[in-house]
Amino acid sequence: MVVEALVARGLPAVAISAASSWLLNNRQVVSHNSAQIAAFIDRGFVPVLHGDCVLDEQLGFCILSGDTIIKELCRAFSVRRVVFISSVSGIFDRPPAEEGAVIIPVIKVDQDGEIRVNVETNVTVPDVTGGIRLKMASAAAILQQGRGRPEVFVTCLLNASPLCHFESHDGIQCTRFLLSA
């Protein structure tokens, strides 16, 4: 569905499954398929990966979140921009369904990787992928390990194509993560 929507908006997206090529050990990434992903990028494609159930040396298998995938890939590649696709247009100050919820347009990350913004969450059903907290921690880690170089955004699928295509994010509803000076 995500790949089809991106292709419909003009991006040469291709799905790449983590299930057959990522290996974990007690939920920590041991190896992944960055060479295959690089081959797609070199040919002009936009790889789209998502969380999946993968092999784990200690646990047999476990859930690998898409947030962890992108954090690891940012270590392997020189990344200019990361767009986390969510079901909502960004990070909100409280659950988006609650009355008065406001999108946070910019979240600053300290040099030590700390995020100093209060975000209320309401998890009624356990999220095995880590939820919004892992997404925020992954965004912070990407900025910290890249020394603020990559642009990092959270938005919904409808807003993803313009963020991927254009240099400016003006007028696009999203949350941008910035490394504090």
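These notes cover the structure that comes with them. (Residues numbered from 1 in each chain as written. Predicted model: local features only at pLDDT ≥ 70, side-chain atom pairs only at ≥ 80, totals over all residues. Heavy atoms only, no water.)

**Remarks on the pattern of salt bridges**
Part 1: Under the criterion given, the structure shown has 6 salt bridges.
Part 2: One salt bridge connects D93 with R94, and the closest N-O pair in it is separated by 3.3 Å.
Part 3: Judged by relative accessible area, R94 falls into the partly exposed class, the value being 25%.
Part 4: With a closest N to O distance of 2.4 Å, D110 and R116 form a salt bridge.
Part 5: R116 gets classed as exposed once you look at its relative accessible area, which sits at 61%.
Part 6: Through salt bridges that share partners, R81, E151 and R176 make up one connected network. (Salt bridge = Lys/Arg side-chain N within 4 Å of Asp/Glu carboxyl O. Buried < 20%, exposed > 50% of the residue type's maximum accessible area, 1.4 Å probe, protein only.)

**Regarding the sheet that holds strand 10 (residues 175–179)**
Part 1: The strand order across the open sheet built from 4 strands is 7-9-10-8, with neighbouring strands paired in mixed fashion. Each edge of the open sheet carries a strand with a single partner, namely strand 7 (81–86) and strand 8 (106–109). Taken pair by pair, the neighbouring strands of this sheet meet at an average axis angle of 20 degrees, ignoring direction. (Pairing = 2+ DSSP bridges. Helix = DSSP H or I, 4+ residues; strand = E, 2+ residues; numbered from the N terminus. Axes fitted to C-alpha atoms, helices over the stretch in contact; angles between N-to-C directions.)

**Some words on the nonpolar core**
For soluble globular proteins, the rule of thumb is that nonpolar side chains tend to be buried together.
Part 1: With 17 residues, the main nonpolar core has V82, F84, I91, V152 and F177 as its most contacted residues.
Part 2: Every element with two or more residues in this core is listed here: strand 7, strand 8, helix 4 (131–145) and strand 9 (151–156).
Part 3: Looking at which element gives the most residues to this core, the answer is helix 4, with 5 residues.
Part 4: Not counting the four nearest positions on each side in its chain, V82 is found in contact with I70, C74, I142, E151, V152 and F153.
Part 5: Core analysis: the next-biggest nonpolar cluster, separate from the first, contains 11 residues, A18, L24, I37 and I69 among them. (Core = buried A, V, L, I, M, F, W, Y, C linked by side-chain atoms within 4.5 Å. Contact = heavy atoms within 4.5 Å.)

**What to know about the side chain of D56**
Part 1: Tracing the chain through its elements places D56 in strand 5 (residues 52–56).
Part 2: Within the buried core, D56 has no salt-bridge partner, and the shortest N-O distance to an opposite charge, that of R27, equals 6.2 Å.
Part 3: A polar contact is formed between the side chain of D56 and the backbone nitrogen of Q58, at a distance of 2.9 Å.
Part 4: A polar contact is formed between the side chain of D56 and the backbone nitrogen of L59, at a distance of 2.9 Å.
Part 5: Contacts of D56, omitting those with residues within four sequence positions, involve L24, N25, N26, R27, F61 and C62. (Lys, Arg positive; Asp, Glu negative; His and termini not counted. Polar contact = N/O pair within 3.5 Å; in protein donor to acceptor, adjacent residues only side chain to side chain.)

**Some thoughts on the pairing of strand 3 (residues 28–31)**
Within a regular beta strand, the side chains point alternately toward one face of the sheet and then the other, so they alternate between its two faces.
Part 1: Pairing of strand 2 (residues 23–25) with strand 3 involves 3 bridges; the strand directions are antiparallel. Note that in strand 3 the partner of L23 across the bridge is S31.
Part 2: Between the end of strand 2 and the start of strand 3, which pair antiparallel, lie 2 residues, with N26 showing a positive phi angle near 55 degrees.

**Topic: the sheet that holds strand 3**
Part 1: Strand order across the open sheet formed by 4 strands is 3-2-5-6, with mixed pairing between neighbours. Of all the strands in the sheet, just strand 3 and strand 6 (60–64) have a single pairing partner and so form its edges. Taken pair by pair, the neighbouring strands of this sheet meet at an average axis angle of 50 degrees, ignoring direction.
Part 2: Looking at chain direction, strand 2 and strand 5 are connected through 2 bridges and run parallel. When the sheet's bridge partners are listed, L23 is paired in strand 5 with L55.

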